[in-house]
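Residue-level structural notes
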Amino acid sequence: MNMSLEQLTLFEDEKNFREHLKYRNGVFKSKEEIINELKREGKERIYHVLSFGGGTQSAHLYDSHLKGELDYKYDLVIFSDTGAEPDFIHEQVAWWKQRKEQFKDTTPFLCTHHKSMKGGLEEMLFRYLQTDYQRYQMVTYFSKLDPLTGQEVPAGLTKRQCTIDFKIVPVKQAARKWVMESIGLDPNKRMPKDVAFIIDIGFSYDEIRRINTYKSPQFKYMYLSYPLVEMGLTTDESIQFLQENKFPMKRSRCYLCPFNCDNREIGMDWGEIIRDEGLSFLKACYFDEELRRVLAEGKKALTNIPYFHYKRIPLREAYPEDYKRLKNEYQEHLETWIESWSDLIKKKYSRTVAS
């Protein structure tokens, strides 16, 4: 990568991804290796796509693209709205769109969403709560009852399916549709054999554990690349870069993400949601309570006890004073939101679970 002197200072303690077991076992490859592999297979049209999260790591990559500091230029930048993004993430996406205009960058910047559930995670959760839908597509902490003591004990987390279903797959679908239309083909037709995609994912070096493959399981002509891992760049270093340049630096995640913690210096904590997204925090508390209520009725395949809070306690009880204050302030808005979603679910999915 051709980086500026300012950025190069971030790599003084560069980490070698090639020494990591996942790389050595072939779980992922470098972008250069993927390109060479595709060229050997006769892929003459290779499209470079950035999966843009609107937060920190992918923003670092996008800024490098705008400044022409990468060894390649993105053909497409795509933001997938999970349907549970905090308002501040939408504001940051808008900020980066404005920066794109300042650079007079012509690379298309698309916004997309889940193909069938356009309301994203909120729609999935209301569908799960109010219909016979059984597919729970969100990471959550679980407890189970000890058969000897009857007490709750930790039982791990669910699979992080939300990132795949509401972020990565919609990006792939949007990229495919855009390319097919741009070359004059019906999006429902077969992709030409000489076309391939490399989608850059903004996982940092400290997130190598999240890498499961470099080949898309949905589309055989799509490949996943992890440039920040190749650079040896950590999450904190990307945040440092944004901070030094006075760029937006709130971390991308959903307002109800169980990976929120407490008292983090920068982002990804419940305190930030409570402070900046009061109504969103109440929505998270609502889902947190309702999931346990519905599962207690025995109508779902899940049998363990779900919690959004890492301590495996009700979210409202983790922050009782904040919950009480926000409930008084936003109760009417919360009820309107619930009613609106309930009406939509009834119209779209017909059958509801009796409350």
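As a reminder, the structure under discussion sits directly above these lines.
All of these numbers come straight from a predicted model, not from anything done at the bench. (Residues numbered from 1 in each chain as written. Predicted model: local features only at pLDDT ≥ 70, side-chain atom pairs only at ≥ 80, totals over all residues. Heavy atoms only, no water.)

Thoughts on the nonpolar core
Note the threshold: Here, the term nonpolar core denotes a set of buried Ala, Val, Leu, Ile, Met, Phe, Trp, Tyr and Cys residues that are joined through side-chain atoms within 4.5 Å. Classification of residues uses two cut-offs on accessible area relative to the type maximum, computed with a 1.4 Å probe and protein chains only: under 20% is buried, over 50% is exposed, and between them is partly exposed. Secondary structure elements follow DSSP: runs of H or I no shorter than four residues count as helices, runs of E no shorter than two count as strands, and numbering proceeds from the N terminus. Throughout, a residue-residue contact means that at least one pair of heavy atoms, one from each residue, lies within 4.5 Å.
Within the largest apolar cluster, 62 residues are counted, with the highest numbers of intra-cluster contacts made by Phe 52, Leu 256, Phe 281, Phe 287, Phe 308 and Trp 337. In terms of residue count, helix α11 (residues 278-296) provides more of this core than any other element does, 9 residues in total. When neighbours within four sequence positions are excluded, Trp 337 is seen to be in contact with Glu 122, Phe 126, Tyr 255, Lys 283, Tyr 286 and Phe 287.

Concerning the packing of helix α4 (residues 57-66) against helix α9 (residues 235-244)
Spelled out, the test is: Axis lines are fitted through C-alpha atoms, for helices just across the contact stretch, and the angle between N-to-C directions can take any value from 0 to 180 degrees. Should an angle lie under 35 degrees it is considered roughly parallel, over 145 roughly antiparallel, and from 65 to 115 roughly perpendicular; all remaining angles are considered oblique. Helix crossings get a hand from a simple test, with the near helix turned counterclockwise from the far one by less than a right angle marking a left-handed crossing and a clockwise turn marking a right-handed one. Put simply, Ala, Val, Leu, Ile, Met, Phe, Trp, Tyr, Cys and Pro go in the nonpolar bin, Asp, Glu, Lys and Arg in the charged bin, and everything else, Gly too, in the polar bin.
With their axes 9 Å apart at the nearest point, α4 and α9 run at an angle of 55° to one another. The orientation of α4 relative to α9 falls into the category oblique. Between α4 and α9 lies a crossing whose hand is left-handed. Every residue of α9 that contacts α4 at Gln 57, Ala 59, His 60 and Asp 63 is listed here: Thr 235, Ser 238, Phe 241 and Leu 242. Taken together, the residues of the contact of α4 with α9 break down into 3 nonpolar, 4 polar and 1 charged.

Let's talk about the sheet that holds strand β6 (residues 195-200)
Whether parallel or antiparallel, the strands of a sheet pair through hydrogen bonds between backbone atoms. The following threshold applies: Pairing between two strands is assigned when DSSP locates at least 2 bridges connecting them.
An order of β3-β2-β1-β6-β7 is seen for the 5 strands of this open sheet, with the pairing classed as parallel. Single-partner strands in this sheet number two, and they are β3 (109-112) and β7 (222-225). Geometrically, the sheet is characterised by an average inter-axis angle of 30° between neighbouring strands, direction not taken into account. Bridge count between strand β1 (residues 45-52) and β6: 6 bridges; the pairing is parallel.

Let's talk about the pairing of β7
Going residue by residue along β7, you find Met 222 and Leu 224 tucked away on one face and Tyr 223 and Ser 225 tucked away on the opposite face as well. Examined bridge by bridge, β6 and β7 share 4 bridges and lie parallel to one another. The residue of β7 that forms the bridge with Ile 199 is Leu 224.

Some thoughts on a negative patch on the surface
We count it as follows: Only residues above 30% relative accessible area that lack a salt bridge enter a patch, with like-charged residues linked at up to 9 Å and the nonpolar side chains Val, Leu, Ile, Met, Phe, Trp and Tyr linked at up to 5 Å. Computed with a 1.4 Å probe, the accessible areas rest on the Shrake-Rupley method; for each residue, only the protein chains presented here act as cover. Counted as salt bridges are all cases of a side-chain nitrogen of Lys or Arg within 4 Å of a carboxyl oxygen of Asp or Glu. Charge counting follows a simple rule: Lys and Arg are positive, Asp and Glu are negative, and His as well as the terminal groups are ignored. Charge placement uses NZ in Lys and CZ in Arg. For Asp and Glu, CG and CD serve respectively.
Taken together, the side chains of Glu 332, Glu 335, Glu 339 and Asp 343 define an acidic patch exposed on the protein surface. Positionally, Glu 332 belongs in helix α13 (residues 320-349).

Quick word on the side chain of Glu 122
Here is the rule we go by: Identification of polar contacts relies on pairs of N or O atoms within 3.5 Å, with a donor-acceptor requirement for protein atoms, meaning one able to donate a hydrogen and the other able to accept it, and with residues adjacent in sequence counted only if both atoms are side-chain atoms.
By the element assignment, Glu 122 lies in helix α6 (residues 120-130). A polar contact is formed between the side chain of Glu 122 and the side chain of Trp 341, at a distance of 2.9 Å. When sequence neighbours within four positions are dropped, the list of residues in contact with Glu 122 reads Gly 83, Tyr 255, Lys 283, Phe 287, Trp 337 and Trp 341.

Some points on the environment of Phe 219
Along the chain, Phe 219 turns up in the loop between β6 and β7. Taking the relative accessible area as the measure of exposure, Phe 219 reaches 17% and is therefore buried. Sequence-wise, Phe 219 and His 90 are 129 residues apart; in three dimensions their C-alpha atoms are separated by 28 Å.

With respect to the pattern of salt bridges
For the structure on display, the rule yields 24 salt bridges. With a shortest N-O distance of 2.8 Å, Asp 63 and Arg 99 are connected by a salt bridge. In this pair, Asp 63 is assigned in helix α4 and Arg 99 in helix α5 (residues 87-102), connecting sequence segments 36 residues apart. An identical accessibility class is assigned to Asp 63 and Arg 99; each is buried. Between Asp 276 and Lys 250 there is a salt bridge; the shortest N-O distance is 2.6 Å. Note that Asp 276 is positioned in helix α10 (residues 270-276) and Lys 250 in the loop between α9 and α10, a separation of 26 residues in sequence. A residue is classified by how much of its surface remains accessible, and Asp 276, at 32% relative accessible area, is partly exposed.

Side note on the environment of His 113
Looking at the secondary structure, you find His 113 in the loop between β3 and α6. Its relative accessible area of 31% is what places His 113 among the partly exposed residues. Between the C-alpha atom of His 113 and that of Pro 170, which follows or precedes it by 57 residues, the distance is 5.8 Å. The residues contacting His 113, other than those within four sequence positions of it, are Ser 80, Asp 81, Lys 118 and Pro 170.

Here we look at the packing of aromatic side chains
Heads up, the rule is: Two rings belonging to Phe, Tyr or Trp (six-membered ring only in the last case) form a pair when the distance between their centres is within 6.5 Å. Interplanar angles under 30 degrees mark stacking, angles over 60 mark edge-to-face geometry, and anything in between is tilted. By definition, being over a ring means that NZ of Lys or CZ of Arg is both within 6 Å of the ring centre and within 35 degrees of the ring normal.
Applying the stated criterion across every chain yields a total of 29 aromatic pairs. Here the aromatic residues Phe 52, Tyr 62, Trp 95, Trp 96, Phe 109, Phe 241 and Phe 247 are joined through ring pairs into a cluster of three or more. In this structure, Lys 31 packs its charged tip against the face of Tyr 72, placed 4.3 Å from the ring centre. Directly above the aromatic system of Phe 88 lies the positively charged group of Lys 250, at a separation of 4.6 Å from the ring centroid.

What about the pairing of β3?
The condition is simple: The definition of a right-handed crossover adopted here requires that, viewed with the strands pointing away, the path from the first strand over the helix to the second runs clockwise.
Across 4 bridges, strand β2 (residues 76-80) lies against β3 in parallel orientation. Looking across to β3, one finds that Ile 78 is bridged to Leu 110. Between the parallel pair β2 and β3, the chain is carried across by α5, and the sense of this crossover is right-handed.

What to know about α11
The following threshold applies: Helices are assigned an expected span. That span is 1.5 Å times one less than the residue count.
Between its first and last C-alpha, α11 extends 28 Å over 19 residues, near the 27 Å set by a 1.5 Å rise per residue. Burial analysis of α11 places 15 of its 19 residues in the buried class, the great majority of the element. Just downstream of α11, Gly 298 is the residue with a positive phi angle, here 75°.

Read these as geometric descriptors, not functional statements.
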